Amino acid sequence: MEKEMLQQVMTAPGEIIFRKVPVPQPQENEVLIRIMEIGICGSDIHVYHGKHPFTKYPVTQGHEVSGEIVALGSGVTGFQVGQKVTVQPQVFCGKCYPCTHGKYNLCEELKVMGFQTTGMASEYFAVDASKVTLLPETMTYDQGAMIEPLAVAVHAARRPGDVTGMKIAVLGAGPIGILVAQACKALGAAEVMVTDVSDFRLDKARECGADHVYNTKNRNFGECLVEAFGPDKADVIFDCAGNDITMGQAIAYARKGSIIILVAVYAGMANVDLAVLNDHELDLNTTMMYRNEDYVKAIELVNEGKIHLEPLMSKHFAFRDYLAAYQYIDANRETSMKILIDVQK
C-alpha cells in the first residue's frame, strides 16, 4: 500500500487545495478504508460559500461516503479486508443525557466529520469500527455513498410513528425531499404528494415514485392538497425546503390536528404563524440526522429495490476536480441533484 495519500482541504470559502499526508495506520478498534465515492450535500455547499455557522477553516470535508476495507486494527471483529462499507459520520460523547438514552444523534457535544472534525475526503480514512456499516456486495459504491442522505430521510419518515396507510405531503423536491417521499412509500404510506417550484425536480420526484406532483409557483398549495387527497388532506406534511413560504403553507393548509415535520435546516430566524399552529392544534416536530437503525433500514430498502437512487445521481467528478464540482453545482442549481466525487480517479 502507498505510504502517502491525497487529502482535500477547504482552506477558505471557495478555496480547495490537496495535500499529501501519510496514509493512516488503523489503531486499536479502527478500520482503514479506501474511500471510493463521496457525495456533496447542501451543508457542504454552505461551507463552500462560507455560510455554515458551525464550521471553521481549514476543514477536510466528506461525510457521505462509500469505500472498501483495506486493513483492520487490533481488536476489530465482524469485518474483513475487501468488504464494502459506509461510515456514520457522527462523533458523540457517549456520556450526556441523549447519548445515555439512545439518542446519540442529539449528543450535547455532537460533531460531524467534515464540519467540526476531519472529514473523509481522502484516499484512505481510518475510523472506529463502531461507525462502520457493511454494504451488500451487490450494492454499487455510488449507492453506498447515498446511504447517509437516505438515512436522514428514513429517520425523518419514522418521526411521525408508523406511516402505514397515511397520506403524505412533501414540500421541496431536492434530494432529501425526494428521498423522504420514497422512504415514506417504502415504509407503507398509501400516497405521497411532492411540491416544488421546479418542473425538473418534480419530474425527478415522479420518476422516483411520487403519486402526485405540483408546481406551487403557479398553484395554491391548499388546493393541491385537496385535489390530491380530498377534503381530509394529508396526515403528515414534511417541510424539506425550510423557509417561511413552505412552512407558512404547511401551517396554513394542514388538516387541523395533523402533523408537520421540519426536515430542512432553516437558513435564518423563522417568521411563521404560530397562532394558527396553536389554534389548529398542529404537531410541529423536527428531525435530526439518524441513528444506526436508520442506516440499516436504508440499506435494506435499497437492497429490496424499494428506493431508487440512480435518478438522483446527476454527475461525477474526479477527486482533484472537487472545486469544479462546486462550480458546476453553482452554475446548475436547479438540475444538480446528487454530485459524486470519484476519489480513486
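This section reports on the structure supplied with the text. On a predicted model such as this, the values are computed, not experimentally measured, just so you know. (Residues numbered from 1 in each chain as written. Predicted model: local features only at pLDDT ≥ 70, side-chain atom pairs only at ≥ 80, totals over all residues. Heavy atoms only, no water.)

Digging into the pairing of strand β10 (residues 167-171)
Stated precisely, the cut-off is as follows: Buried means the residue's accessible area, taken with a 1.4 Å probe over protein chains only, is under 20% of the maximum for its type, while exposed means over 50%, and partly exposed covers the values in between. The way it works is that DSSP assigns letters per residue, a run of H or I at least four long becomes a helix, a run of E at least two long becomes a strand, and they are numbered from the N terminus. Two strands pair if DSSP finds at least two bridges between them. Orient the strands so they point away from the viewer; a crossover is then right-handed if the path from the first strand over the helix to the second runs clockwise.
In terms of residue burial, β10 counts as a mostly covered element, since 4 of its 5 residues are buried. In terms of strand pairing, β10 meets strand β11 (residues 191-196) through 5 bridges, oriented parallel. Looking across to β11, one finds that Ile168 is bridged to Val192. With helix α5 (residues 175-186) bridging β10 and the parallel β11, this β-α-β connection has right-handed handedness. As paired elements, β10 and strand β13 (residues 236-239) share 4 bridges and run parallel to each other. Considered in β13, the bridge of Val170 is made with Phe238.

Focus: the nonpolar core
Cut-off, in case you're wondering: Buried residues of nine kinds, namely Ala, Val, Leu, Ile, Met, Phe, Trp, Tyr and Cys, make up a nonpolar core once their side-chain atoms join them within 4.5 Å. We call two residues in contact when some of their heavy atoms are within 4.5 Å.
Counting residues in each nonpolar core, the largest one holds 92 residues, and the members touching the most others are Ile40, Ile168, Val170, Val180, Val194, Phe238 and Tyr322. In terms of residue count, the dominant contributor to this core is helix α4 (residues 147-158) (8 residues). Setting aside anything within four residues of it in sequence, one finds Ile168 in contact with Val163, Cys184, Ala189, Glu191, Val192, Met193, Phe229, Val236 and Phe238. Residues Ala169, Met193, Ala228 and Ala234 belong to the second largest nonpolar core, which totals 19 residues.

Structural notes on the sheet that holds strand β12 (residues 212-215)
Selection criterion: Between N-to-C directions, angles span 0 to 180 degrees; the directions come from axes that are lines fitted to C-alpha atoms, helices contributing only their stretch in contact.
One open sheet accounts for 6 strands, arranged β12-β11-β10-β13-β14-β15; its pairing is parallel. Bordering the open sheet on either side are β12 and β15 (283-286), each of which pairs with just one other strand. This sheet shows a mean twist of 20° between the axes of neighbouring strands, independent of strand direction. One ladder, built from 4 bridges, connects β13 with strand β14 (residues 259-262); its direction is parallel. Bridge pairing in β14 links Phe238 to Ile261. In the packing of helix α6 (residues 199-207) onto the sheet, the strands contacted are β11 and β12, and the crossing angle to β12 comes to about 175°.

Some points on the packing of α4 against helix α10 (residues 292-303)
Where we set the bar: Roughly parallel means an angle under 35 degrees; roughly antiparallel, over 145; roughly perpendicular, 65 to 115; everything else is oblique. Nonpolar residues are Ala, Val, Leu, Ile, Met, Phe, Trp, Tyr, Cys and Pro. Charged residues are Asp, Glu, Lys and Arg, and all others, Gly as well, are polar.
Running from N to C, α4 and α10 point in directions that differ by 105°, and their axes come no closer than 8 Å. Considered as vectors, α4 and α10 are oriented roughly perpendicular to each other. Along its contact with α4, which presents Ile147, Glu148, Leu150, Ala151, Val154, His155 and Arg158, the element α10 presents Glu293, Asp294, Tyr295, Lys297, Ala298, Ile299, Leu301 and Val302. Counted by class, the contact of α4 with α10 contains 9 nonpolar, 1 polar and 5 charged residues.

Observations concerning the environment of Gly209
With respect to the helices, strands and loops of the structure, Gly209 is situated in the loop between α6 and β12. Judged by relative accessible area, Gly209 falls into the partly exposed class, the value being 35%. With 72 residues separating them along the chain, Gly209 and Glu137 place their C-alpha atoms 26 Å apart.

Remarks on the layout of surface pockets
Going by this rule: Of the two site types, the cavity is a set of points on a 1 Å grid over the protein atoms alone where a 1.4 Å probe fits but cannot get out, and the pocket is an open set with protein on both sides within 12 Å along at least five of seven lines, each lined by residues with an atom within 4 Å of a point. Grid points are joined across faces, edges and corners, and a volume is the space filled by probe spheres set on the points.
Approximately 180 Å³ is the volume found for the second largest pocket. Taken together, Lys103, Asn105, Leu106, His155, Arg158, Arg159, Thr286, Thr287, Met288, Arg291, Glu293 and Asp294 make up the full set of residues lining the second largest pocket. If you list the elements that add at least two residues to the lining of the second largest pocket, you get α4 and α10.

Describing α4
In plain terms, the rule: Here a helix's expected span is defined as the number of its residues, less one, multiplied by 1.5 Å.
The terminal C-alpha atoms of α4 lie 16 Å apart, and with 12 residues this matches the ideal 16 Å at 1.5 Å per residue to within 8%. Of all 12 residues making up α4, 11 are buried, and the element is well covered by its neighbours. What α4 keeps buried is the set Ile147, Glu148, Pro149, Leu150, Ala151, Val152, Ala153, Val154, His155, Ala156 and Ala157.

Focus on the pairing of strand β8 (residues 124-128)
Summarising burial for β8: 4 of the 5 residues are buried, a large majority. In terms of strand pairing, strand β3 (residues 30-40) meets β8 through 5 bridges, oriented antiparallel. Each bridged residue has a counterpart across the sheet, and for Glu30 the counterpart in β8 is Asp128.

Some remarks on the pattern of salt bridges
Filter applied, for reference: Basic side-chain nitrogens of Lys or Arg form a salt bridge, by our definition, when they fall within 4 Å of a carboxyl oxygen of Asp or Glu.
In total, this model carries 12 salt bridges according to the counting rule given. For the salt bridge of Glu64 with Lys338, the shortest nitrogen-to-oxygen distance reads 2.9 Å. Taken as a pair, Glu64 in strand β4 (residues 64-72) and Lys338 in strand β17 (residues 338-342) lie far apart in primary sequence, 274 residues in all. Across the pair, Lys338 and Glu64 agree in class, each one buried. The shortest N-O distance in the salt bridge between Asp235 and Arg255 comes to 3.1 Å. Here Arg255 lies in the loop between α8 (244-253) and β14 and Asp235 lies in the loop between α7 (221-229) and β13, a separation of 20 residues in the sequence.

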